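# Structural features, examined
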Amino acid sequence: MVADRDRPQGGGGMGSVEHFDVVVVGAGISGIGAAYHLTHQSPGKSFVVLEALESFGGTWLTHKYPGIRSDSDLYTFGYRFKPWVGPPIATAAEILSYMGEVIAENDLARHIRYRHRIIGASWSSETNLWTVEAVRGDTGETLRFTAGFLWMCQGYYRHDTGYTPDWPGLSDFKGKVIHPQTWPDDPGIAGKKVVVIGSGATAATLIPNIADDCAHVTMLQRSPTYFFPGRNVDELADTLRQLQIDETWIHEIVRRKRLHDGALFTRRSFEEPEAVKQELLAGVTALVGPELTAEHFTPRYRPWRQRIAFVPDADLFRAVAAGKASVVTDEIERFEADGIRLKSGKLLEADVVITATGFELSVMGDIPFSVDGRPVDWGDTLTYRGMMFTGVPNLVWVFGYFRASWTLRADLIADFVCRLLAHMDDKGVSKVMVEPAEPGVPRLSWIDPENFNPGYLMRGLDKLPKRADAPEWQHSQDYWGEKDVFPLIDLDAPEFAYGGARVKQAAE
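Residues numbered from 1 in each chain as written. Predicted model: local features only at pLDDT ≥ 70, side-chain atom pairs only at ≥ 80, totals over all residues. Heavy atoms only, no water.

### Considerations on the overall build of the protein
Note the cut-off: In this text, helices come from DSSP runs of H or I with a minimum length of four residues, and strands from runs of E with a minimum of two, each type numbered from the N-terminal end. For each residue, the accessible area found with a 1.4 Å probe, counting protein chains only, is set against the maximum for its type, and the residue is called buried under 20%, exposed over 50%, and partly exposed in between. Accessible surface is estimated by sampling points in the Shrake-Rupley manner with a 1.4 Å probe; for residues, cover comes only from the protein chains shown. His is not counted, nor are the chain ends, whereas Lys and Arg count as positive and Asp and Glu as negative. Taken as the charge location is NZ of Lys, CZ of Arg, CG of Asp or CD of Glu.
Looking only at helices and strands, the protein features 13 helices and 23 strands. With the C-alpha coordinates of the protein rotated into their principal frame, the extents come out at 70 × 55 × 50 Å. Considering the protein as a whole, with its 508 residues, one finds that 54% of them fall into the buried category. Surface accessibility of the protein: about 21200 Å² in total, with carbon and sulfur atoms responsible for 51%. When the 53 basic and 68 acidic side-chain charges of the protein are each reduced to a single mean position, those positions are 1 Å apart.

And the structure:
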């Protein structure tokens, strides 16, 4: 049947099918952005956003641990079309409120179906359509949708579980083990000895936010991470507000300034890594002194091989300096009843262990995909600019940046998708695929480990699509290059193959 675009929730059993021009998967920061861009750039396209959770927000909805906040500024993590008026580093609640405003201001709620967990997606070359099956979490019924195009905005990790290593003796530990991604209503940390395993943005956020509740909290890290402590203000934005400049202008000016500074910092991290390293360490040394910096806050890798976490108002380092928190750099030998035995031989006593040890990688939401009855193994595909894949028609995946805000790439991809859909209409076709102009190109891992190597990617590289040497066949991680390249992508270049005369979808 023809899409009912005004109906807020889907209905019907397996006997009925709803058709949309585009199905967007996920109502997180990327999915809401996709809905906005379809509304404004492709107003003639019908679309639906399918979200497994009970509301919008993705990461900002599922993560409930104390202090949960962004680790990049909202002038660039926020959408380019919606001015950000709060502090640069925002709480989950502030981000959800911002996203809610985008939904309300653009009448997007009518396009979103919550509690719709997708259980399969299959492409048919006979109809040039995707068929998507989803189970409603509130009723248990299975629904079916068809779509001319799939826009995958579900992110890159599993929302229902985090990554916890299988340490020896873990079952012997008498205390409580918590992963931040599944934070309980009552963590039971009051007056307890707490150990947080990990040294990334999650650990840096959690520790100062629970330090006052615990008897003591210790960050146990295998190796140090780079941090950038600073005030959670933007002086340029504040000055412009004092001058009563319009918020739209402020957003654009501050956004450009931050992107300019980010480009310079990234370039310097490659061209003069030692100077950048010393600058980062100097900021930490000013807060905790040279001895602690040398022992616990000096990474073994050059800056930007892993994400650098901004620490607003230096709260982590202030907790350490005040003696409320401490840092231990060592490796885990095994768990024991009363704590963690380290490879140095020391027993780190603990009542509660918090495993801030990262994500479980999820490629395409762990959804089973098939093309003409053949299962898709994403590890066998080659990626076109990190968003399209050989052998898989009419599908785009949003995978953001590591060294810049995720949303920057979501916006670029949205422009590309809307332009591609219009181009297909102009050509009168219903199918697009990507293939290298030269067959048999050497295939490399999704990302060069020498360039960027966070644990969740290294653990799951075999599941991710492959890249090639040519720039169009990889995810460059370079926003400052892609922002100029993406608008100029030639949609009639040899990499794009079109087919299938466009036929108006008949009612079923």
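### A short note on the confidence of the model for the protein
Note the cut-off: Residue-level confidence of the predictor, termed pLDDT, takes values from 0 up to 100. In this description, contact between two residues means that some pair of their heavy atoms is separated by no more than 4.5 Å.
The share of residues in the protein with pLDDT of 70 or more is 95%, and the mean pLDDT across the chain is 92. In this model, residues 1–13 is a region of pLDDT below 50 whose contacts with residues beyond four sequence positions or in other chains number 44 contacts. The model gives residues 504–508 a pLDDT under 50, and that stretch makes 6 contacts with residues more than four places away or in other chains.

### Observations concerning the sheet that holds strand β8 (residues 193–197)
Basically, it comes down to this: We call two strands paired when DSSP finds no fewer than two bridges between them. Only the stretch in contact is used when fitting a helix axis, every axis being a line fitted to C-alpha atoms; angles between N-to-C directions are given from 0 to 180 degrees.
Read across the open sheet, the 5 strands follow the order β7-β16-β8-β9-β12; overall the sheet is parallel. The open sheet terminates on both sides in strands that have one partner only, identified here as β7 (176–178) and β12 (325–329). Neighbouring strand axes in the sheet, compared pairwise and without regard to direction, differ in orientation by 20 degrees on average.

### A few points about the pairing of strand β13 (residues 332–336)
Looking at chain direction, β13 and strand β14 (residues 339–342) are connected through 4 bridges and run antiparallel. Across the sheet, arginine 334 pairs through a bridge with arginine 341, a residue of β14. In this structure, the hairpin formed by β13 and β14 is closed by a connection of 2 residues.

### Things to note about the packing of helix α7 (residues 247–271) against helix α8 (residues 273–288)
Spelled out, the test is: Should an angle fall under 35 degrees it is taken as roughly parallel, and over 145 as roughly antiparallel, whereas 65 to 115 is taken as roughly perpendicular and any remaining angle as oblique. Charged means Asp, Glu, Lys or Arg here, nonpolar means Ala, Val, Leu, Ile, Met, Phe, Trp, Tyr, Cys or Pro, and polar covers whatever is left, Gly included.
Viewed as axis vectors pointing N to C, α7 and α8 meet at an angle of 120 degrees, and their least axial separation amounts to 5 Å. The angle between α7 and α8 places the two elements in the oblique class. Contacts from Phe265, Arg268, Ser269, Phe270 and Glu271 in α7 reach Pro273, Ala275, Val276, Glu279 and Leu280 in α8. Here the residues of the contact of α7 with α8 are counted per class, giving 6 nonpolar, 1 polar and 3 charged.

### Details of the sheet that holds β14
Taken in spatial order, the 3 strands of this open sheet run β13-β14-β15, and their pairing is antiparallel. Strands at the two margins of the open sheet, each flanked by one partner only, are β13 and β15 (347–349). If you compare each strand with its neighbour and ignore which way they point, the axes differ by 25 degrees on average.

### So, the packing of aromatic side chains
Rule in force here: Two aromatic rings from Phe, Tyr or Trp, using only the six-membered ring of Trp, form a pair when their centres are within 6.5 Å; if the ring planes differ by under 30 degrees the pair is stacked, by over 60 it is edge-to-face, and anything between is tilted. Charge over a ring is defined by NZ of Lys or CZ of Arg lying within 6 Å of the ring centre and within 35 degrees of the ring normal.
For the structure shown, the criterion picks out 35 aromatic pairs. With a centroid separation of 5.3 Å and an interplanar angle of 75 degrees, the aromatic rings of tryptophan 84 and tyrosine 98 are classed as edge-to-face. Taken together, the residues tryptophan 84 in the loop between α3 (74–77) and α4 (92–105) and tyrosine 98 in helix α4 connect sequence positions 14 residues apart. Assigned by exposure class, tryptophan 84 and tyrosine 98 land together as buried. Between the aromatic rings of tyrosine 156 and tyrosine 157, the centroid separation amounts to 5.4 Å while the plane-to-plane angle is 75 degrees, which identifies the pairing as edge-to-face. Judged by its relative accessible area of 15%, tyrosine 156 is buried. Its relative accessible area of 6% is what places tyrosine 157 among the buried residues. Lying across the ring of tyrosine 498, lysine 427 places its NZ or CZ 5.0 Å from the centre. Directly above the ring of tyrosine 163 sits arginine 459, whose terminal nitrogen or CZ lies 3.5 Å from the centroid.

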